[in-house]
Amino acid sequence: IDPALKEKAQIKDASDVAAEHFKARLWDPVVGKRAREYLLGRGVTEDVARAFGLGWAPLAWTELADKLRERGLIAAAEKAGLVSPRQRGDGHYDMFRGRLIIPIRSPEGRTIAFGGRLLEGDDGPKYLNSRESKLYNKSETLYGLDQARDEVRRKKSVVLCEGYFDCIGLHQAGVKHAVALCSTALTPGHMAVLARAEAK
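Everything numeric in this text was worked out from a predicted model, so none of it was measured.

**Student:** Explain the sheet that holds strand β8 (residues 159-161) to me, please; I cannot follow it from the model alone.
**Tutor:** Whether parallel or antiparallel, the strands of a sheet pair through hydrogen bonds between backbone atoms. Taken together, 3 strands build an open sheet; the order of strands is β7-β9-β8 and the sheet is mixed. Where the open sheet ends on each side, the last strands, each with one partner, are β7 (142-143) and β8. Sheet topology note: the β8/strand β9 (residues 178-181) ladder contains 3 bridges and is parallel. Directly across from C161, in β9, lies its bridge partner A180. Here helix α7 (residues 164-172) sits on the sheet and contacts β7, β8 and β9; the angle it forms with β9, its principal contact strand, is near 180°.

Here it is in structure tokens:
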């Protein structure tokens with residue numbers, strides 16, 4: 001098997017494990033309470049939160065890393081920016097901690113990266129995004145296109161917005177052909193993606 005294809009497949013598997021883990025933590029009655037309250041405060045309904053696959057990364061150092069190690073996916077998870085090696089000693093720690101998790105998906109609905117909004121602790125920037133990988137190129141990725149695809153095709157147009165929550169809010173308000181940029185500028189890569197989605 002081609003090493004690049006193998007790496008891509010392992011990053012996909014690590015991203016799937018992470019997406020399921022984060023979702024389970026959000027909907028855990030105790031663990032996810034803070035994140036669910038935040039969503040409620042932003043007016044995001046449970047149906048919409050579930051449709052967009054939102055999740056929660058608690059303030060824990062190795063919760064996800066331990067799970068990925070058990071599955072033999074720790075190296076792939078490091079390439080995907082989900083975990084980072086400890087500076088002293090062995091092992092890895094979770095990159096996303098105390099953050100509401102926004103999975104970034106391919107147009108087909110496969111999780112390829114994550115965004116995390118800081119809610120607890122003071123560790124790092126307000127928003128933390130996955131690094132680019134063999135799966136994720138932000139200049140060719142439009143957030144929410146997996147949800148918007150059918151409506152974009154039907155309307156032959158798209159509403160472009162800036163942030164994850166702008167996109168989620170528009171979908172909740174019935175603007176089902178909204179997508180958001182994962183980078184600061186609209187690129188030829190984005191235009192190609194929109195052309196494939198049949199937006200004029």
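**Student:** I keep staring at helix α4 (residues 63-70) and nothing clicks. Help me out?
**Tutor:** Since one α-helical turn is 3.6 residues long, residues separated by three or four positions face the same way. Of all the positions in α4, only L64, A65 and L68 are classed as buried. Down the axis of α4, the sector holding all buried residues measures 100°, keeping them to one side. Tucked into the core, α4 has its buried residues touching α1 (3-27), α5 (74-79), β2 (83-85) and β3 (92-94). In the segment just after α4, G72 is the residue with positive phi, at about 70°.

**Student:** I would appreciate a short explanation of the sheet that holds strand β4 (residues 99-105) in the present structure.
**Tutor:** If you trace the 4 strands from one edge of the open sheet to the other, you get β1-β4-β5-β6, paired in antiparallel fashion. Of all the strands in the sheet, just β1 (55-57) and β6 (127-129) have a single pairing partner and so form its edges. Across the sheet, the mean angle from the axis of one strand to that of its neighbour is 30°, orientation sign disregarded. Where β1 meets β4, 3 bridges bridge the pair, whose relative direction is antiparallel. By the bridge assignment for β4, G55 is matched with I101. Relative to the sheet, α7 contacts β4, β5 (111-118) and β6, its axis offset from that of β4 by approximately 75°.

**Student:** How should the pairing of β4 be read in this particular structure?
**Tutor:** When a strand is regular, its side chains alternate between the sheet's two faces. Within β4, 7 of the 7 residues are buried, which leaves the element mostly enclosed by the surrounding structure. Burial along β4 is two-sided: R99, I101, P103 and R105 facing one way and L100, I102 and I104 facing the other are all buried. The sheet contact formed by β4 and β5 spans 7 bridges and is antiparallel. Across the sheet, the residue bridging to L100 is R117, located in β5.

**Student:** Which parts of the structure should I look at to understand the pairing of β5?
**Tutor:** Taken across its 8 residues, β5 has 8 buried, putting it largely inside the fold. What sits between the antiparallel neighbours β4 and β5 is a turn of 5 residues, in which G109 has the positive phi angle 100°. As paired elements, β5 and β6 share 3 bridges and run antiparallel to each other. Paired with G116 across the bridge in β6 is L128.

**Student:** What should I look at first to understand the pattern of salt bridges in this one?
**Tutor:** Between side chains of opposite charge, a pair can form when the charged atoms approach closely. According to the stated counting rule, one finds 13 salt bridges in the structure shown. The partner of E63 in a salt bridge is R25, with the nearest N and O atoms 3.1 Å apart. Of this pair, E63 sits in helix α4 while R25 sits in helix α1, and the two are 38 residues apart along the sequence. For E63, a relative accessible area of 26% translates into the label partly exposed. Assessed through its relative accessible area of 21%, R25 is described here as partly exposed. The shortest N-O distance in the salt bridge between R154 and E151 comes to 2.9 Å. Placement of both R154 and E151 in helix α6 (residues 145-155) is noted, with a separation of 3 residues, approximately one turn of the helix.

Conventions used here
Residues numbered from 1 in each chain as written. Predicted model: local features only at pLDDT ≥ 70, side-chain atom pairs only at ≥ 80, totals over all residues. Heavy atoms only, no water. Pairing = 2+ DSSP bridges. Helix = DSSP H or I, 4+ residues; strand = E, 2+ residues; numbered from the N terminus. Contact = heavy atoms within 4.5 Å. Axes fitted to C-alpha atoms, helices over the stretch in contact; angles between N-to-C directions. Buried < 20%, exposed > 50% of the residue type's maximum accessible area, 1.4 Å probe, protein only. Arc of directions from axis to C-beta. Salt bridge = Lys/Arg side-chain N within 4 Å of Asp/Glu carboxyl O.

Any functional reading would require information beyond the geometric quantities listed.
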